[in-house]
Amino acid sequence: MSGPNSEYDPVEVTPLQAEQVAAMREEALAAIAAAQDLDQLKRARLEHAGDRSPLALANREIGALPPQARKEAGQRVGQARGAVNAALAERTAVLEAEAEEGMLVEETVDVTLPTGRRGRGSRHPITLMSDYIADLFVAMGWEVAEGPVLEAEWLNFDALNLGPDHPARTMQDTFWTEPADDHLVLRTHTSPVQARTMLERTPPIYVICPGRVFRTDEYDATHSPMFHQVEGLVIDEGITMAHLKGTLDHFAEQMFGTGITTRFRPSYFPFTEPSAEVDLVCFVCRGEAGAVEECRTCKGEGWIEWGGCGVVNPRVLAACGIDSERYRGFAFGMGIDRSLMFRTGAEDLRALFEGDVRFSSGFGTEW
Amino acid sequence: MRTPVSWIREYADLPADLSSDDLARRLTALGLKLEALERPGAEVRGPLVVGRVLTMEPEKQKNGKTINWCTVDVGDANGTGEPQGIVCGAHNFAPGDLVVVVLPGGVLPGPHGSDAVEISARKTYGHVSAGMICSAHELRIGEDQSGIIVLPPDAGRPGDDARPVLGLEEEVIEFEINPDRSYALSLRGVAREAAMAFDATYTDPCLRDVPPANDEGYPVRVEDPVGCPVFVARTVTGFDPSAPTPEWLARRVRLAGMRPISLAVDVTNYVMLETGRPIHGYDGDKLQGSIVVRRATAGERLTTLDGTDRALSPEDLVVCDDSGVIGLGGVMGGETTEMSDATSTVVIEAAHWDPVAMFRTGKRHRLTSEAGKRNERGVDPTICEVAAERVAELLTTYGGGSVSPGVTVVGTPPAPEPIRISARLPEQVAGFPIPTADTERCLRAVGATIQRDADGDPGDSLTVTPPPWRPDLTDPYDLVEEVVRIVGYDKVPSLVPLPPVGRGLTREQRLRRRIGRTLASLGCVEVVSFPFVGEDTFDALGLPDDDVLRHTVRLSNPLSAERPLYTTTLIPGILDAAARNLGRGAPGVSLFETGTVAFPADRGPAPVYGVDWRPTEAELEKLFEAIPVQPLYLAAVLSGEREPAGWWGGGRAADWSDAIDLVRQLGRELGLEVEVRQASRMPWHPSRCAEVLVDGEEFGHAGELHPRVCQAYGVPRGTAALEVDLDFLMNRAVDVPRAPTYSHQPLAKEDVALVVEDGVTAADVEEALRSGAGELLESVRLFDVYTGPQVGDGKKSLAFALRFRAPDRTLTEAETGAAGGAAVAAAAAAVGAVQR
């Protein structure tokens, strides 16, 4: 470090001459620009902007100047150092960015490598379908009612106007428990849940009853001794068949798409009167001329059988203690498995029950 | 019910240009559902003619079969007028018979599902066979393959086109008839609906004059007028049992799906099809004394026409003569008085039977017959005389002989009960306006008579008497259905009802969804299995003989005799599914199932109450108590690869800990801390089984399955499984967790390694550490287990990470060290742990 510059002529302090400062500045800027990586830049910084760099040394000489010369020289050196620092900062940013880019390139992986370290789980499509249907009705203000699958004969049959000598009992092939006079069955429909609901609640009643049911059917692509049903029950004042139709049209459209509405055909169920079969507009050909003739799904009918429905027989209301003069109701029922096959294109019912994960895991966890 | 369209048209004057498709569609809309529209023989093309067999020579073949080399007169149909030589394999005909011949150039439908067959003259069995003598099956007009069609002698002349003779130009509509519409099990009923549908004139085939009853008829005594309200008997004598059935009648019977047998049988079947009233014919020469109708007495037996010897029940209605029981009334006749090819005296029975008795007898004897089907659903009780008269007329017309003047009529038909109905009820139920005039028109169209109540508002209340052929019409709502179906179900508008505010899903329903999603999020796939098991299932699970799971609900009519029990555990079903997946090449499976199992209530039989009123609360309670207990269970099976090997490193097979972890994770989802204890319970490995508990109560088991169980189910050793009671978990699940508070202060760590005896469980050590560590402890985690020479035989080293944090300050090293020391001291005291 030099001492006070008393013995020099102020005008003669060489490093502070304009040409000298300009030269130092250009040299520094050139060195910074020439730096190709952060190490070279570090060296350039020590050399041209460090404590022992020419500009730093020149700066120290300023104090030796006569006061009248200090201002000008100070400005000159200050500007030069400012320019050098700015260039350093700029170059640092550029080189850091380059360095980072290089590092990221080096870290390249093959993103197409397989990633399945843990198997994905899923819920069963029947569960998903049941939940979907439940949500649909809950959104309308209905509730979901449930009951046991091993059920009292009285609730499965008698309370629904299916007395012991009713020919319709033979329509439903029933699993009975041993001994038979225990009067217990595997429920043949979810209707006993309707009976339970009417016994336990007071109108107005708006419920759906999804669940597992059993019939002594042989097991094949379209029949199963165990399957799933959803039934609906409404008991309220002023209920008409129009409400039944409106509900089923809405249900059908939510399930199968806009325009897939229903039609009624007269039918017979002991627990409803009048009774009807419910057909859907064929969701494949939509019954449209030109398509319907060729349609294999509805076999050219334009309609597909979906379920049964009707106005709750006043005798059923009586057996469940509901005033049939004041209240009227409607009920409907359809197969969940069948609806699922419609919706998803599944062709063999057995795929639902044999537990092959290649089938079930395709359906996710929520619809 | 198969109905030839021409037969419908005989009673309903339908528009000539009405197609059978339109007829079927309209009747479907009225409730007679189209099952099939058939045009029998429509696929038969080319020359199909009547032929007369001139000669037939049986020729025994080397293959053991005997064929007939026939010459058949086919008139000019073959162009030459010469007899046609044809080889025929059937034997149910004789020279002189009229048969149906397809000539070379004709085309027959192929066997089901295959291509049509063109007939040509071909060499076979040493002859040139120029055509084929046809069976009903070959023409696809019936299932009968037992022989060729032998036409009645009046069917036509050789060379005539056989199509009209066989009814091949006929269309047949098959309807599915609901059990309430028994009237539609007759042409009379179907034609009435058809006429109604098209506003056509209807001619009731049962409007027929009958001679009045007298005392000259066959003696009949009805001892049970409730079971048999009407019994009509007529007698035909001098009948020629060999007289053939006229072709038109045989054709109709055939088209209706029944097989022509003999004139007497065909006529009774024909009249049943025409009127709906089942008829029975007795061989009058075999009857001994009066006919008596009564209930059977215990010990009586009867061999019915189908050759079955039956023990009768005192509830069965039987027809008897002096020899004893000769028929199961209304269901099936007996062998002893069966008509034969020698019967010349026919006693015709047309009786009305109690439908309930018919149903019970049919069910008891597992007998379904065309007669029983109609009688148990209800037949018009007023047409017994007409039906008997019709049978007598047809028998004598085609079989000769004469109708005896005696007419036996016992009893009177019950009258239908009138129904009072508000004229507004149909529109109130249907939800759209139906004027009273329309209601009355519809009810009259189904045959009801209507009386307006004189006292009330005109038109407001109607007294409706249903026709006798509609025993199903008993309630006002039955009449509503009639009105609305005729006005048209398609007129019902669509209106969404507005329920009161709902409460959404129940707590349990929401919890079930959460449980399913949790299991799925842990990599498990849900399956649905049948709940049927057998004793051998429990054997395969290695359950002891007195295991509670062996106490099951048993089905009396299982689909498979090997699986007659309703399951008490979900594990067999899900293990089967796991084995199936692995067998199909899956490297590993993680499956779960939720479902109810059943345990017998052992509270005696469930009561069966009446249906006219609601049972009392006490009665309902008794009913509910008798129903088996059906808790909701969850089971999971983890078998084979749980995590695959890959570029990231090695994979891992599922083990006992995966099953336990699933239970822990599920508990955590529900806000419950699951406690795990070493246990021993089949079907688990006795040393790798945990019972799982919440608040000290056990709710299931998890761990590795017993090697023998794995072997029995064909899954790899090491397969893990769990089964827990979800009702238990859901009852205790935390609905709304309290918001946690947490400290922002820094964490202090203290790791300790403790040596304990092998028998000491990790849970016990952890519990001791927790109890000793004080309230600054935030968590304890076991991160390593070591066994080996450094700790010595019979011992193990457990390394725990203890984490401490204070709510309000940074902990000093001294504080952390003291807390750690206290924890170790507690472990030393509780389980003899020594710090390494």
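Thresholds, definitions, all that
Residues numbered from 1 in each chain as written. Chains lettered and ligands numbered in written order. Predicted model: local features only at pLDDT ≥ 70, side-chain atom pairs only at ≥ 80, totals over all residues. Heavy atoms only, no water. Phe/Tyr/Trp six-rings, centres within 6.5 Å; stacked < 30°, edge-to-face > 60°. Helix = DSSP H or I, 4+ residues; strand = E, 2+ residues; numbered from the N terminus. Buried < 20%, exposed > 50% of the residue type's maximum accessible area, 1.4 Å probe, protein only. Lys NZ or Arg CZ within 6 Å of the ring centre and 35° of its normal. Domains from an automatic or database assignment. Contact = heavy atoms within 4.5 Å. Buried area = accessible area lost by both parts, 1.4 Å probe. Salt bridge = Lys/Arg side-chain N within 4 Å of Asp/Glu carboxyl O. Polar contact = N/O pair within 3.5 Å; in protein donor to acceptor, adjacent residues only side chain to side chain. Nonpolar A, V, L, I, M, F, W, Y, C, P; charged D, E, K, R; others polar.

### Some words on the packing of aromatic side chains
- Following the criterion strictly, the structure yields 28 aromatic pairs over all chains and no others.
- Between Trp142(A) and Phe332(A) the ring centres are 6.3 Å apart and the planes differ by 50°, which places this aromatic pair in the tilted class. Highlighted residues: Trp142(A) in the loop between α5 (125-138) and β1 (143-144) and Phe332(A) in strand β9 (residues 328-335), separated in sequence by 190 residues. Neither Trp142(A) nor Phe332(A) differs from the other in exposure class; each is buried.
- Among the aromatic side chains, those forming a connected cluster through ring pairs are Phe137(A), Trp142(A), Tyr206(A), Phe251(A), Phe256(A), Phe283(A), Trp306(A), Phe330(A), Phe332(A) and Phe342(A).
- A cation sits over an aromatic face here: Arg343(A) above Tyr132(A), 4.5 Å from the ring centre.
- The residue whose ring lies beneath Arg192(B) is Trp469(B), and the NZ or CZ to ring-centre distance is 3.6 Å.

### Side note on the domain arrangement of chain B
All names here are of chain B.
- Looking at the assigned domains, one finds that chain B contains domain 1 (2-39 + 172-197), domain 2 (48-166), domain 3 (220-410), domain 4 (419-491), domain 5 (507-732) and domain 6 (748-835).
- Between domain 1 and domain 3, the contact holds 13 residues from the first and 16 residues from the second.
- Summing both partners gives a buried area of about 1,300 Å² for domain 1 against domain 3, and 53% of it is carried by carbon and sulfur.
- Considering only the side of domain 1, the residues that lose the most area to domain 3 are Trp7, Leu185 and Arg188, jointly responsible for 45% of the buried surface there.
- At the junction of domain 1 with domain 3, the criterion picks out two salt bridges.
- Glu10 is the salt-bridge partner of Arg252, the closest N and O atoms lying 2.6 Å from each other.
- Our enumeration of links across domain 1 and domain 3 arrives at eight residue pairs in polar contact (both at pLDDT 80 or more).
- Those elements giving two or more residues to the side of domain 1 that touches domain 3 turn out to be β1 (2-4), α1 (5-11) and α4 (187-197).
- Of the residues forming the side of domain 1 that touches domain 3, the biggest block, four residues, is contributed by α1.
- Residue composition of the side of domain 1 that touches domain 3, grouped by class: seven nonpolar, three polar and three charged.

### A few points about the pattern of salt bridges
- Throughout the structure, instances matching the rule amount to 77 salt bridges over all chains.
- A salt bridge links Glu143(A) to Arg201(A); the shortest N-O distance between them is 3.1 Å. Of this pair, Glu143(A) sits in strand β1 while Arg201(A) sits in the loop between α7 (191-200) and β4 (205-214), placing them 58 residues apart in sequence.
- Overall, the relative accessible area of 29% leaves Arg201(A) in the partly exposed class.
- One salt bridge in this structure joins Arg584(B) and Asp356(A), with 2.9 Å as the shortest N-O distance. Taken together, the residues span two chains, with Arg584(B) in the loop between α15 (571-583) and β33 (588-596) and Asp356(A) in the loop between α10 (336-344) and α11 (357-360).
- Its relative accessible area of 39% is what places Arg584(B) among the partly exposed residues.

### Considering the interface of chain B and chain A
- In this complex, chain B contributes 100 residues to the contact, which on the side of chain A involves 106 residues.
- For the pair chain B and chain A, the summed buried surface comes to about 8,600 Å²; carbon and sulfur atoms form 60% of the total.
- Our enumeration of links across chain B and chain A arrives at nine salt bridges.
- A salt bridge links Arg315(A) to Asp475(B); the nearest nitrogen and oxygen atoms lie 2.5 Å apart.
- Tallying contributions element by element places helix α13 (residues 507-521) of chain B first for the side of chain B that touches chain A, with seven residues.
- Classifying every residue of the side of chain B that touches chain A by side-chain character gives 57 nonpolar, 22 polar and 21 charged.

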